[in-house]
Amino acid sequence: AVVSTQSTGIMIMWNCFILPKRPLADHQVPVLVREFVAHQGNEIIQRGLIKNLILHLTNLHSFGLLKADDLESVVLSLYAMEPDVKESPIEKKLEEEREEALLDNPPSSDQKIEEISSDL
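Only a predicted model underlies this, so the values are computations on that prediction, with no experimental measurement involved. The written sequence of each chain sets the order in which its residues are numbered from 1. Local features in a predicted model are, by the rule used here, given only for residues with pLDDT of at least 70; side-chain atom pairs are given and counted only at 80 or more, and totals for whole chains, interfaces and linings are based on all residues. As a rule here, side-chain values cover all heavy atoms of the structure and leave hydrogens and water aside.

### A word on the overall build of the protein chain
Thinking step 1. Note on conventions: DSSP H or I runs of at least 4 residues are helices, E runs of at least 2 residues are strands, and numbering of each starts at the N terminus. A count of helices and strands for the protein chain gives six helices and zero strands.
Thinking step 2. For every residue, the accessible area obtained with a 1.4 Å probe (protein chains only) is divided by the maximum for its type, and the residue is called buried under 20%, exposed over 50%, and partly exposed between those limits. Counting every position in the protein chain, which comprises 120 residues, the buried fraction comes to 27%.
Thinking step 3. Using a 1.4 Å probe, accessible areas were evaluated by the Shrake-Rupley method; residue-level cover was limited to the displayed protein chains. Per element, the accessible surface of the protein chain, about 8,800 Å² overall, is 56% carbon and sulfur.

### A look at the side chain of H56
Thinking step 1. Along the chain, the position of H56 falls in helix α3 (residues 50-62).
Thinking step 2. On the basis of relative accessible area, H56 is assigned to the buried category, the value being 10%.
Thinking step 3. The term polar contact refers here to a pair of N or O atoms within 3.5 Å; inside protein, the definition further demands a hydrogen-donor-capable atom paired with an acceptor-capable atom, and it admits residues adjacent in sequence only when both atoms are side-chain atoms. In terms of polar contacts, H56 uses its side chain to reach the side chain of W14, at 3.4 Å.
Thinking step 4. It only takes one pair of heavy atoms within 4.5 Å for two residues to be counted as in contact. Contacts of H56, omitting those with residues within four sequence positions, involve M11 and W14.

### Side note on the pattern of salt bridges
Thinking step 1. When a carboxyl oxygen of Asp or Glu lies within 4 Å of a side-chain nitrogen of Lys or Arg, that pair is called a salt bridge. If you walk through the whole model with that rule in mind, you get three salt bridges.
Thinking step 2. Note that D70 is salt-bridged to R34, the shortest N-O span being 2.7 Å. Of the two residues, D70 is situated in helix α4 (residues 68-81) and R34 in helix α2 (residues 29-46); the sequence distance between them amounts to 36 residues.
Thinking step 3. Note that R47 is salt-bridged to E43, the shortest N-O span being 3.1 Å.

### Observations regarding the confidence of the model for the protein chain
Thinking step 1. Of the residues in the protein chain, 74% reach a pLDDT of 70 or more, and the chain-wide mean stands at 81.
Thinking step 2. pLDDT is a per-residue confidence score from the predictor, ranging from 0 to 100. The secondary-structure element of the protein chain with the lowest mean pLDDT is helix α6 (residues 109-119), recorded at 56, while α2 shows the highest, at 94.

### A closer look at the packing of helix α1 (residues 5-18) against α2
Thinking step 1. For helices, the fitted axis covers only the stretch in contact; all axes are lines through C-alpha atoms, and the angles between them, taken along N-to-C directions, range from 0 to 180 degrees. Contact geometry of α1 with α2 gives a least axis separation of 11 Å together with a crossing angle of 130°. Considering the angle they form, α1 stands oblique to α2. By crossing handedness, the relation of α1 to α2 is classed as right-handed. Together, I10, M13, W14, F17 and I18 of α1 and L32, V33, E35, F36, H39, Q40, E43 and I44 of α2 make up the contact between the two elements.
Thinking step 2. Residues that form the contact of α1 with α2 fall into these classes: nine nonpolar, two polar and two charged. Working definition: roughly parallel below 35 degrees, roughly antiparallel above 145 degrees, roughly perpendicular at 65 to 115 degrees, and oblique for all remaining angles. Crossings are classed by handedness, with left-handed meaning an anticlockwise turn of the near helix from the far one by less than a right angle and right-handed meaning a clockwise turn. Think of it as three bins: nonpolar holds Ala, Val, Leu, Ile, Met, Phe, Trp, Tyr, Cys and Pro, charged holds Asp, Glu, Lys and Arg, and polar takes everything else, Gly as well.

### Side note on the side chain of D70
Thinking step 1. Using a relative accessible area of 14% as the deciding quantity, one classes D70 as buried.
Thinking step 2. Separated by 2.7 Å, the side chains of D70 and R34 make a polar contact.
Thinking step 3. Other than its neighbours up to four places away in sequence, D70 contacts P30 and R34.

Laid out in structure tokens, this is it:
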């Protein structure tokens, strides 16, 4: 089976989080999932891994390790974090490149006038 790099990314994050905790029983999984989202939620959002996490949580649900109510509350808490996420590193880099391009080639006064008149 072909596994995407995003799926691999979420599983690496999950395994790095879960291995030191060494869960002993299935009933610990919902608590660990909540902790995982609380600690890694912003990174999951920034890296665009929300859908991959939901797929993983759905698999946990399919195997009886996560109840539907728990799955729903975790996903809702993850989406509630979205406004807290700052600009992604890619967006930040693009903005820096735009600023550098403007410094290297500032728009002429004719271009500025065209931009202002097009806004009207």
